[in-house]
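Spelled out, the chains give:
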Amino acid sequence: MDGLMLQERAAARTNELPGAALEHPFGPEFDVYKVCGRVFMLVSDLRETPIVTLKAAPADATALREAYAEINPGYHMNKKHWITLTGGGALEPEMLDDLVTESYLLVVEKLPQRLRPVDPATFGRRVESIAGDSAEPAPDPDESRGRP
(Lines give C-alpha, C1' and ligand atoms only; values in the text may rest on other atoms or scores of the structure.)
Protein backbone atom coordinates (compact mmCIF):
# COMPACT_ATOMS: atom_id res chain seq x y z
CA MET A 1 0.00 0.00 0.00
CA ASP A 2 1.50 3.34 -0.98
CA GLY A 3 1.09 6.43 1.19
CA LEU A 4 -2.01 7.81 -0.54
CA MET A 5 -3.72 4.42 -0.44
CA LEU A 6 -2.84 4.23 3.26
CA GLN A 7 -4.49 7.59 3.91
CA GLU A 8 -7.55 6.76 1.82
CA ARG A 9 -8.04 3.37 3.50
CA ALA A 10 -7.67 4.88 6.99
CA ALA A 11 -10.15 7.66 6.17
CA ALA A 12 -12.60 5.14 4.70
CA ARG A 13 -12.45 3.06 7.88
CA THR A 14 -13.49 6.07 9.97
CA ASN A 15 -16.73 6.27 7.96
CA GLU A 16 -17.71 2.94 9.57
CA LEU A 17 -17.05 4.13 13.13
CA PRO A 18 -20.07 5.56 15.02
CA GLY A 19 -19.63 9.19 16.03
CA ALA A 20 -16.36 9.70 14.12
CA ALA A 21 -16.04 13.19 12.66
CA LEU A 22 -13.53 14.90 10.37
CA GLU A 23 -12.35 18.36 11.40
CA HIS A 24 -9.63 20.77 10.28
CA PRO A 25 -8.58 22.71 13.41
CA PHE A 26 -4.97 23.07 12.16
CA GLY A 27 -5.84 24.08 8.59
CA PRO A 28 -6.87 22.23 5.45
CA GLU A 29 -3.62 20.27 5.19
CA PHE A 30 -4.37 18.29 8.39
CA ASP A 31 -7.34 15.94 8.53
CA VAL A 32 -8.16 15.42 12.20
CA TYR A 33 -10.57 12.62 13.09
CA LYS A 34 -12.34 12.87 16.42
CA VAL A 35 -14.96 11.04 18.43
CA CYS A 36 -16.90 13.20 20.92
CA GLY A 37 -14.33 15.97 20.46
CA ARG A 38 -11.28 13.76 21.15
CA VAL A 39 -8.64 13.05 18.50
CA PHE A 40 -8.02 9.44 17.46
CA MET A 41 -6.39 9.92 14.02
CA LEU A 42 -4.49 12.56 12.09
CA VAL A 43 -3.84 12.42 8.34
CA SER A 44 -1.26 14.75 6.78
CA ASP A 45 2.02 14.88 4.88
CA LEU A 46 5.49 14.96 6.40
CA ARG A 47 8.08 16.36 4.00
CA GLU A 48 5.81 15.41 1.08
CA THR A 49 5.31 11.88 2.47
CA PRO A 50 1.70 10.91 3.28
CA ILE A 51 1.32 9.83 6.92
CA VAL A 52 -1.38 8.57 9.27
CA THR A 53 -0.98 9.07 13.03
CA LEU A 54 -2.97 6.89 15.44
CA LYS A 55 -3.32 6.33 19.16
CA ALA A 56 -1.97 2.98 20.41
CA ALA A 57 -1.57 1.21 23.74
CA PRO A 58 2.06 1.70 24.84
CA ALA A 59 3.00 -2.00 24.70
CA ASP A 60 1.32 -2.36 21.30
CA ALA A 61 3.05 0.76 19.98
CA THR A 62 6.45 -0.64 20.92
CA ALA A 63 5.74 -4.04 19.39
CA LEU A 64 4.38 -2.48 16.18
CA ARG A 65 7.41 -0.22 15.77
CA GLU A 66 9.69 -3.24 16.18
CA ALA A 67 7.70 -5.37 13.72
CA TYR A 68 7.06 -2.84 10.92
CA ALA A 69 9.56 -0.44 9.36
CA GLU A 70 6.66 1.81 8.28
CA ILE A 71 5.45 2.33 11.86
CA ASN A 72 7.31 4.96 13.86
CA PRO A 73 6.76 7.00 17.03
CA GLY A 74 3.92 9.50 16.67
CA TYR A 75 4.99 12.60 14.78
CA HIS A 76 4.52 15.67 17.02
CA MET A 77 2.61 13.48 19.49
CA ASN A 78 3.38 11.62 22.71
CA LYS A 79 5.79 8.92 21.49
CA LYS A 80 4.54 6.44 24.07
CA HIS A 81 0.86 6.61 23.08
CA TRP A 82 0.91 7.46 19.36
CA ILE A 83 2.30 5.87 16.20
CA THR A 84 2.83 7.30 12.71
CA LEU A 85 2.40 5.09 9.66
CA THR A 86 3.88 5.61 6.20
CA GLY A 87 3.13 3.66 3.05
CA GLY A 88 5.25 1.34 1.01
CA GLY A 89 5.85 -1.44 3.50
CA ALA A 90 4.39 -4.78 4.51
CA LEU A 91 1.40 -3.36 6.40
CA GLU A 92 -1.75 -5.12 5.15
CA PRO A 93 -5.00 -3.15 4.61
CA GLU A 94 -6.82 -5.28 7.21
CA MET A 95 -4.11 -4.47 9.78
CA LEU A 96 -4.56 -0.77 9.04
CA ASP A 97 -8.32 -1.15 9.60
CA ASP A 98 -7.59 -2.80 12.96
CA LEU A 99 -5.15 -0.06 13.98
CA VAL A 100 -7.67 2.69 13.14
CA THR A 101 -10.39 0.84 15.06
CA GLU A 102 -8.13 0.28 18.06
CA SER A 103 -7.18 3.96 18.12
CA TYR A 104 -10.87 4.90 18.06
CA LEU A 105 -11.70 2.44 20.86
CA LEU A 106 -8.82 3.66 23.05
CA VAL A 107 -10.33 7.14 22.91
CA VAL A 108 -13.93 5.93 23.36
CA GLU A 109 -13.07 3.94 26.48
CA LYS A 110 -11.78 7.12 28.16
CA LEU A 111 -15.06 8.96 27.52
CA PRO A 112 -17.77 9.10 30.17
CA GLN A 113 -20.15 6.17 29.59
CA ARG A 114 -23.05 8.45 28.75
CA LEU A 115 -21.09 9.96 25.83
CA ARG A 116 -19.76 6.73 24.32
CA PRO A 117 -21.19 6.03 20.86
CA VAL A 118 -20.33 2.32 21.34
CA ASP A 119 -19.33 -0.03 24.12
CA PRO A 120 -15.57 -0.47 23.60
CA ALA A 121 -15.66 -3.86 25.32
CA THR A 122 -18.03 -5.34 22.73
CA PHE A 123 -17.70 -3.18 19.61
CA GLY A 124 -17.02 -5.29 16.53
CA ARG A 125 -17.28 -8.59 18.36
CA ARG A 126 -19.62 -11.35 17.35
CA VAL A 127 -22.56 -12.06 19.63
CA GLU A 128 -22.34 -15.42 21.46
CA SER A 129 -25.35 -17.70 21.21
CA ILE A 130 -26.83 -19.43 24.24
CA ALA A 131 -24.83 -22.56 23.43
CA GLY A 132 -21.65 -20.48 23.37
CA ASP A 133 -21.15 -20.79 19.62
CA SER A 134 -20.29 -17.74 17.60
CA ALA A 135 -23.35 -16.26 15.93
CA GLU A 136 -24.16 -13.32 13.71
CA PRO A 137 -24.35 -9.91 15.40
CA ALA A 138 -27.71 -9.06 16.92
CA PRO A 139 -30.11 -7.43 14.44
CA ASP A 140 -30.73 -3.71 14.62
CA PRO A 141 -34.17 -3.27 16.24
CA ASP A 142 -34.87 -0.19 14.10
CA GLU A 143 -34.42 -2.19 10.89
CA SER A 144 -37.08 -4.70 11.93
CA ARG A 145 -39.55 -1.81 12.33
CA GLY A 146 -38.77 -0.44 8.88
CA ARG A 147 -36.86 2.58 10.15
CA PRO A 148 -33.77 3.81 8.29
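Going by an unreviewed UniProt entry, the protein carries the name MmcQ/YjbR family DNA-binding protein and comes from Leucobacter manosquensis.

### Quick notes on the pairing of strand β6 (residues 82-86)
The buried count for β6 comes to four of five residues, which makes it a mostly enclosed element. As judged from the five bridges shared by strand β4 (residues 49-55) and β6, these two strands associate in the antiparallel manner. Note that in β6 the partner of K55 across the bridge is W82. Where strand β5 (residues 71-73) and β6 come together, three bridges link them in antiparallel fashion.

### Brief notes about the sheet that holds strand β1 (residues 20-23)
Pairing is antiparallel across the open sheet formed by six strands, whose spatial order is β1-β2-β3-β4-β6-β5. Strands with a single pairing partner mark the edges of an open sheet, and in this sheet they are β1 and β5. Across the sheet, the mean angle separating the axes of adjacent strands is 25° when strand polarity is ignored. Two strands pair when backbone bridges link them, and β1 and strand β2 (residues 31-35) are joined in this way by four bridges, in the antiparallel orientation. Residue pairing for β2: A21 is matched across the bridge by K34. Across the sheet, helix α3 (residues 93-108) lies against β2, β3 (38-46), β4, β5 and β6, angled at about 140° from β3, the strand it touches most.

### Topic: α3
Residue pairs three or four apart in sequence face the same way in an α-helix, which turns once every 3.6 residues. If you check α3, its first and last C-alpha atoms are 23 Å apart, about what 16 residues at 1.5 Å a residue would give, namely 22 Å. For α3, the set of buried residues is L96, D97, L99, V100, T101, S103, Y104, L105, L106, V107 and V108.

### Structural notes on the packing of aromatic side chains
Within the structure shown, the criterion is met by three aromatic pairs. Ring geometry for F40 versus Y104: centroids 5.5 Å apart, planes at 80°, classification edge-to-face. In this pair, F40 sits in strand β3 while Y104 sits in helix α3, placing the two residues 64 residues apart along the sequence. Taken together, a centroid distance of 6.0 Å and an interplanar angle of 50° make the contact between Y104 and F123 tilted. In this pair, Y104 is assigned in helix α3 and F123 in the loop between α3 and α4 (141-144), connecting sequence segments 19 residues apart. Among the aromatic residues, ring-to-ring pairing joins F40, Y104 and F123 into one connected group.

About the criteria used
Residues numbered from 1 in each chain as written. Predicted model: local features only at pLDDT ≥ 70, side-chain atom pairs only at ≥ 80, totals over all residues. Heavy atoms only, no water. Buried < 20%, exposed > 50% of the residue type's maximum accessible area, 1.4 Å probe, protein only. Helix = DSSP H or I, 4+ residues; strand = E, 2+ residues; numbered from the N terminus. Pairing = 2+ DSSP bridges. Axes fitted to C-alpha atoms, helices over the stretch in contact; angles between N-to-C directions. Contact = heavy atoms within 4.5 Å. Expected span 1.5 Å × (residues − 1). Phe/Tyr/Trp six-rings, centres within 6.5 Å; stacked < 30°, edge-to-face > 60°.

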